[in-house]
Each structure stands twice: as structure tokens, then as C-alpha cells.
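What follows is each chain in one-letter form.
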Amino acid sequence: MAAHALAPSSGVARRRARTLNLPSLTAVLAAAVTACHGSPKMKSLPTAAQAAELIKEGSAANIAATSAGAEDPRLRPRPLEVPPRAAAERLERAIGSLPRWHVEKQAISDGGAVIWATRTTRLFRFVDDVYLLVTQSDSGSIVEARSASRVGKGDLGQNRRNLQELWKALGNPEVRSVHAK
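Residues numbered from 1 in each chain as written. Predicted model: local features only at pLDDT ≥ 70, side-chain atom pairs only at ≥ 80, totals over all residues. Heavy atoms only, no water.

(A) Quick look at the nonpolar core. Of all hydrophobic cores here, the largest spans 26 residues; its most connected members are Leu91, Leu132 and Leu166. Broken down by secondary-structure element, the contributors of at least two residues to this core are helix H5 (84-96), strand E4 (112-120), strand E5 (127-137), strand E6 (140-149) and helix H6 (158-170). Not counting chain neighbours up to four residues away, the residues in contact with Leu91 comprise Ile115, Leu132, Val134, Val143, Leu166 and Leu170. One finds Ala51, Val114, Trp116 and Tyr131 within the second-largest nonpolar core, a separate group that totals eight residues. (Core = buried A, V, L, I, M, F, W, Y, C linked by side-chain atoms within 4.5 Å. Buried < 20%, exposed > 50% of the residue type's maximum accessible area, 1.4 Å probe, protein only. Helix = DSSP H or I, 4+ residues; strand = E, 2+ residues; numbered from the N terminus. Contact = heavy atoms within 4.5 Å.)

The following block contains the structure:
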């Protein structure tokens, strides 16, 4: 009789027994992800040399970084046929045109620029740090980038998608216009 008393007796009780408790599942997932190692939040804008070193470290499970020999086109540096200052201004307009993106800090000069931007994910509001390094080239500028998750050991490809989203916005005619703002 005791075993019978524990068994669900109606269809409603059986459905409740099978139903996931979504708030509990969300809390467990959030706790698991935040307990994982990620890229620590920078408190200040890296110098050009520090940004170059971060990018040079390359990609990892929760980091996407550009490199000249990358097979994935999303991970190749972007040449721009404008001087570094104009390239940095174009990057600012591109970031400003994207939802959930924000320029945190920047240092721009005629010879180059370092831009620190963040992108917040839609569902769990995770923040990814995106560092952009603009250097002068023979034909204008080169934009190198690194997108890193602050939490988690993996990003399910989000950081590569971050760079893809930025590159797409950078090619937008409204962003490319000198008069856009």
C-alpha cells in the first residue's frame, strides 16, 4: 500500500512529475557557468602592445582572435583603405549600430587605436569583451580583434559570431559613410 500511495494516481500528477522546473534549471545552469573560468574583466583600456599580445595569444574555447593565416574568414584581420583615425571612427559607428554592443573605452591617435567594446548576450546577459587594435598599413589600416567571454569554459561559437557581426556592420554603407553619425 505504501508504494501505491507514492505513485501518481492521475494524469495531472504524472505530467507534473515529468515537468521540468524551469527557474531551478536556469539557476543551476547560471551557477554552473559562472563557476567556470572565463576571461577576467579588464579595469582599464589595454595599451596597443597589451592588445596586440592578447590577440597574438590566439583563439581558445571561449576566445576568438584574428590572425593573418586563419582558415575561418571571421578570424582574419580586416584591412580598411582609410587612415587609422578614420578606421577607429568607423568602428565606433559600427559598434553603435549594433544592439547590445557598447564602447567601454578607447584611445585613438593618428597612428592607431585601441577600442574596448562589450557585447551582452540576449538570454543570460553574459558579457563578452571585444578588443580592437587598429594599426597603420601601406594601404590604410588593419583592424585586429579579440572577443572573449568573461565566464564559462566554452562559448558555443558566440565570440566568432561577435566578430562576424562586427565585420558585417563595418561593411554597412551607413557605417562606411564619413558623414554618418
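The discussion continues.
(B) Quick peek at the packing of aromatic side chains. Summed over all chains, the structure comprises two aromatic pairs. Consider the rings of Trp116 and Tyr131, whose centres lie 6.1 Å apart with planes at 25°: the pair is stacked. In this pair, Trp116 sits in strand E4 while Tyr131 sits in strand E5, placing the two residues 15 residues apart along the sequence. Judged by its relative accessible area of 2%, Tyr131 falls in the buried class. (Phe/Tyr/Trp six-rings, centres within 6.5 Å; stacked < 30°, edge-to-face > 60°.)

(C) Spatial organisation of the pairing of strand E3 (residues 101-109). Looking at chain direction, E3 and E4 are connected through eight bridges and run antiparallel. Residue pairing in the sheet places Ala107 in a bridge with Val114 of E4. Between E3 and E4, which follow one another and run antiparallel, lie two residues. (Pairing = 2+ DSSP bridges.)

(D) Spotlight on the side chain of Asn159. With respect to the secondary-structure elements, Asn159 resides in helix H6. For Asn159, a relative accessible area of 0% corresponds to the buried category. Among the polar contacts made by the side chain of Asn159, one reaches the side chain of Ser147 at a distance of 2.6 Å. Within the local environment of Asn159, its side chain forms a polar contact with the side chain of Ser149, the two groups lying 2.9 Å apart. (Polar contact = N/O pair within 3.5 Å; in protein donor to acceptor, adjacent residues only side chain to side chain.)

(E) Just the packing of H5 against H6, in detail. Two elements in contact, H5 and H6, have axes separated by 9 Å at closest approach and are oriented at 115°. Judged by the angle between their axes, H5 and H6 are roughly perpendicular. Crossing of H5 against H6: the hand is right-handed. Contact with H5, carried on its side by Arg90, Leu91, Ala94 and Ile95, involves Leu166, Ala169 and Leu170 of H6 and no other residues of that element. Class assignment of the residues belonging to the contact of H5 with H6 gives a composition of six nonpolar, no polar and one charged. (Axes fitted to C-alpha atoms, helices over the stretch in contact; angles between N-to-C directions. Parallel < 35°, antiparallel > 145°, perpendicular 65-115°, else oblique. Left-handed = near helix turned anticlockwise from the far one by under 90°. Nonpolar A, V, L, I, M, F, W, Y, C, P; charged D, E, K, R; others polar.)

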